[in-house]
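Next come the chains, spelled out residue by residue.
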Amino acid sequence: MSLSASAPTASGGFLPELAVDRSPATVAAAFLLAGFAAIWWLVDLRQATLLLIGGGLGVALYHGSFGFTGAWRRMVVERRGRGMRAQMLMVGVAAVAMMPLIAAGSLGSQPLVGAIAPVGVSVLVGAAIFGLGMQLGGGCGSGTLFTVGGGSTRMLVTLAFFIVGAVIGTAHLPWWLEQPSLPPIGLGTELGLPLAIAVTVAGLAAVALITAVIEKRAHGGLESEPAPRRPGWRWLLVGPWPLVGAGLALALLNIATLLVAGHPWSITYGFGLWGAKIAAAVGVPVETWTFWTWPAQAEALSNSVLADTVSVMDFGLILGAALAASLAGKFAPKAALPLASLVAAAAGGLLMGYGARLSFGCNIGALFSGIASGSLHGWLWFASAFVGSLVGVAARPLFGLDGFRRRQA
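Note that the structure is predicted; figures quoted are calculated from it, not measured.

Rules used in this analysis
- Within each chain, residues carry numbers counting from 1 in the order of the written sequence.
- Confidence filtering applies because this is a predicted model: local features only for residues at pLDDT of at least 70, side-chain atom pairs given and counted only at 80 or more, and all residues used for totals across whole chains, interfaces and linings.
- Based on all heavy atoms of the structure, the side-chain values leave hydrogens and waters out of the count.
- Here a strand is any run of E in DSSP of at least two residues, a helix any run of H or I of at least four, and the numbering for each starts at the N terminus.
- We compute the radius of gyration from the C-alpha atoms alone; for a globule the expected value is 2.2 Å times N to the 0.38, where N is the number of residues.
- Residue exposure (1.4 Å probe, protein chains only): buried if accessible area is under 20% of the type maximum, exposed if over 50%, otherwise partly exposed.
- Residues count as neighbours in contact if any of their non-hydrogen atoms are within 4.5 Å of one another.
- Ring pairs shown here join Phe, Tyr and Trp side chains whose ring centres sit within 6.5 Å, with only the six-membered ring taken for Trp; geometry is labelled stacked below 30 degrees between planes, edge-to-face above 60, and tilted in between.

## Focus: the overall build of the chain
Summing up its helical and strand segments, the chain has 18 helices and 8 strands in all. Expected size for 409 residues packed as a compact globule is a radius of gyration near 22 Å; at 21 Å, the chain falls within 12% of this value. Expressed along its principal axes, the backbone C-alpha trace of the chain runs to roughly 65 × 55 × 50 Å. Taken across its 409 residues, the chain has 51% of its residues classed as buried. Of all intrachain contacts in the chain linking residues separated by at least 6 positions in sequence, the fraction that spans at least 24 positions is 76%.

## Some remarks on the packing of aromatic side chains
Each aromatic ring pair is specified by the distance between its two centres and by the angle formed by the two planes. Inspection of every chain in the model, using the stated rule, returns 15 aromatic pairs. Ring geometry for F130 and W381: centres 5.4 Å apart, planes at 55°, overall tilted. Highlighted residues: F130 in helix α5 (residues 121–137) and W381 in helix α18 (residues 376–395), separated in sequence by 251 residues. The same class applies to F130 as to W381, namely buried. An angle of 55° between the planes, with centres 5.3 Å apart, marks the rings of F291 and W294 as tilted. Judged by its relative accessible area of 3%, F291 falls in the buried class. Within the aromatic cluster, the residues linked to one another by ring pairs are F130, F162, F271, W274, F315 and W381.

Here's what the structure looks like:
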């Protein structure tokens with residue numbers, strides 16, 4: 001059921017607004033509130049707060065249409081870099097706040113650790129696989145969840161196979177960790193905090209500058225940020241949000257995640273955990289796999305998913321995106337689902353799940369949170385995933401999807 005709304009204009013008339021999908025909005029809001037109360041009761045207030053932070057991330061992602069997949073494809077195909085520049089700003093703002101917090105090691109009684117991982121073959125290969133997969137699947141780690149929350153049937157297929165790929169990745173990760181690798185390298189530790197922040201911001205600015213130069217050469221100028229299409233501040237509730245605004249919101253929410261969870265925002269660990277629990281329930285002895293015998297993984301496998309910070313935030317993200325989509329009147333848009341597109345969604349999900357496990361995260365856990373933590377592996381992930389994404393863009397037409405096309409003069 002939908003409700004139509006209108007807002008008075010300065011001339012005394014009315015501006016029609018998109019219809020609100022009232023039933024999905026009510027359900028999403030109810031699940032968020034009930035989930036908050038239940039998790040507070042069953043686990044603790046900290047864990048319940050993470051559900052709401054995840055909800056905020058879902059709202060920002062959906063209202064800003066803030067995805068890495070489409071932004072990277074636009075840069076490659078159309079030579080438009082507005083999305084990538086918003087990403088660099090987002091990571092930079094988070095880095096300036098998060099790197100000092102991680103260097104401090106704690107805030108009060110809350111220990112703080114960064115998303116810092118080894119730098120080696122596993123990251124190089126895994127990130128490239130992920131980049132290929134995200135162009136076939138049609139979404140990255142965060143993009144898959146917020147589009148599922150928005151009601152996308154195709155992305156449900158991507159998510160299902162994302163989970164399968166993540167579980168397979170847990171089976172193979174010990175072998176990949178035996179391949180050539182350097183230990184985790186944190187720029188804050190190696191360079192000192194001031195220089196590490198300066199190098200990180202300079203690197204992000206360089207990427208943004210390169211996209212601007214490419215865009216100006218192709219189009220003669222930079223694409224402007226569209227003005228809000230709603231009167232006053234109503235666009236905050238029903239969207240769409242400017243990319244820069246959505247990116248800043250995501251940066252602040254990642255900082256909040258670090259302060260509450262003790263670690264930065266992550267997504268794909270939850271997929272592997274869900275898949276392992278499902279596999280165990282149907283008789284697959286995942287508890288004997290090397291990965292799931294490691295103390296932290298064994299504990300996660302034996303506990304409820306509500307005790308896992310990443311899973312709880314993933315649930316919140318889906319519900320937040322569903323709420324945002326409903327308020328915008330866009331919940332569950334109908335879309336044709338050709339067989340070739342579904343095959344691409346399945347293949348993309350498998351590749352992303354497997355690649356994310358090998359490379360210690362996705363565009364969020366490895367790129368966003370990794371670089372913002374000062375981890376060198378985040379930069380390697382970024383470069384390798386972008387190369388994989390180029391291959392993915394070229395492969396999209398094989399599945400009836402758009403790929404490279406000739407730019408108009």
